[in-house]
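# Survey of secondary and tertiary structure
Residue-level listing of the chains:
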Amino acid sequence: MTRIENNQQYEWAVARVEQLLPLVDDNTPRTDPNCIELELLSNLVADYSEANFSIGKPTLGDVIKMRMLELGLTQSKLSEMIGQSPSRVSDYITGKSEPTLKVARELCIKLDITPSVILGL
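Residues numbered from 1 in each chain as written. Predicted model: local features only at pLDDT ≥ 70, side-chain atom pairs only at ≥ 80, totals over all residues. Heavy atoms only, no water.

### Structural notes on the overall build of the protein
Of the regular secondary structure elements, the protein holds seven helices and zero strands. Reading the protein from its N terminus to its C terminus gives the helix and strand order α-α-α-α-α-α-α. When its C-alpha atoms are laid out on the principal axes, the protein stretches across 65 × 30 × 25 Å. Looking at the protein residue by residue over its 121 residues, the buried ones come to 30%. In the protein, the share of contacts with a sequence separation of at least 24, taken over all contacts with a separation of at least 6, comes to 49%. Counting 12 positive and 17 negative side-chain charges, the protein places the centres of these two groups 15 Å from one another. (Helix = DSSP H or I, 4+ residues; strand = E, 2+ residues; numbered from the N terminus. Buried < 20%, exposed > 50% of the residue type's maximum accessible area, 1.4 Å probe, protein only. Contact = heavy atoms within 4.5 Å. Lys, Arg positive; Asp, Glu negative; His and termini not counted. Charge placed at Lys NZ, Arg CZ, Asp CG, Glu CD.)

### Description of the packing of helix H4 (residues 75-82) against helix H5 (residues 86-94)
Look at H4 against H5: their axes get within 8 Å of each other, and the N-to-C directions meet at 100°. Classified by the angle their axes make, H4 and H5 are roughly perpendicular. Residues Gln75, Ser76, Leu78, Ser79 and Ile82 of H4 pack against Pro86, Val89, Ser90, Tyr92 and Ile93 of H5. Tallied by class, residues from the contact of H4 with H5 come to six nonpolar, four polar and no charged. (Axes fitted to C-alpha atoms, helices over the stretch in contact; angles between N-to-C directions. Parallel < 35°, antiparallel > 145°, perpendicular 65-115°, else oblique. Nonpolar A, V, L, I, M, F, W, Y, C, P; charged D, E, K, R; others polar.)

### Description of the nonpolar core
Counting residues in hydrophobic clusters, the biggest one holds 17 residues, and the most contacted among them are Ile64, Met68, Leu78, Ile82, Leu107, Leu111 and Ile118. Within the residue set of this core, elements represented by two or more residues are helix H3 (60-71), H4, H5 and helix H6 (101-111). Per-element accounting of this core gives the leading share, five residues, to H6. Residues within four places of Leu78 in sequence aside, it is in contact with Ile64, Met68, Val89, Leu107 and Leu111. The next biggest cluster of nonpolar side chains, apart from the first, holds twelve residues, and it includes Val17, Leu20, Leu38 and Tyr48. (Core = buried A, V, L, I, M, F, W, Y, C linked by side-chain atoms within 4.5 Å.)

### Description of helix H2 (residues 33-53)
An ideal rise of 1.5 Å per residue puts 30 Å on 21 residues; H2 measures up with 29 Å between its terminal C-alpha atoms. Residues of H2 that are buried include every one of Cys35, Leu38, Leu41, Leu44, Val45, Tyr48 and Ser49, and no others. Contacts made by the buried residues of H2 are with helix H1 (7-20). The N-terminus of H2 is capped by Asp32, whose side-chain oxygen sits 2.9 Å from the backbone nitrogen of Asn34. (Expected span 1.5 Å × (residues − 1). Polar contact = N/O pair within 3.5 Å; in protein donor to acceptor, adjacent residues only side chain to side chain.)

Below, the structure is given as structure tokens:
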């Protein structure tokens, strides 16, 4: 098998990986058949998972909503905190507009978001 083609093959490979895990540890020689099979199947499972179950990178709006939820903030309260109107905050959340550098700095500070998220890195 050079790649997993469907969910049935994926489920079989995951089950086989689970069977092999107890048989291989850090002291198992890399030439051991179980070690070789485990490595190959693990790579195939990882490739299929990434292609079919990848969540993707969150948007700035997703991150803002998550932090608002975690901090118990409303859009009105956040708008007061960063000195913007509630409608402007809504625009940031929906992706209709991007924050200016000054607003991005405030979002980073007030919501404790790393600058790389705000910059989309």
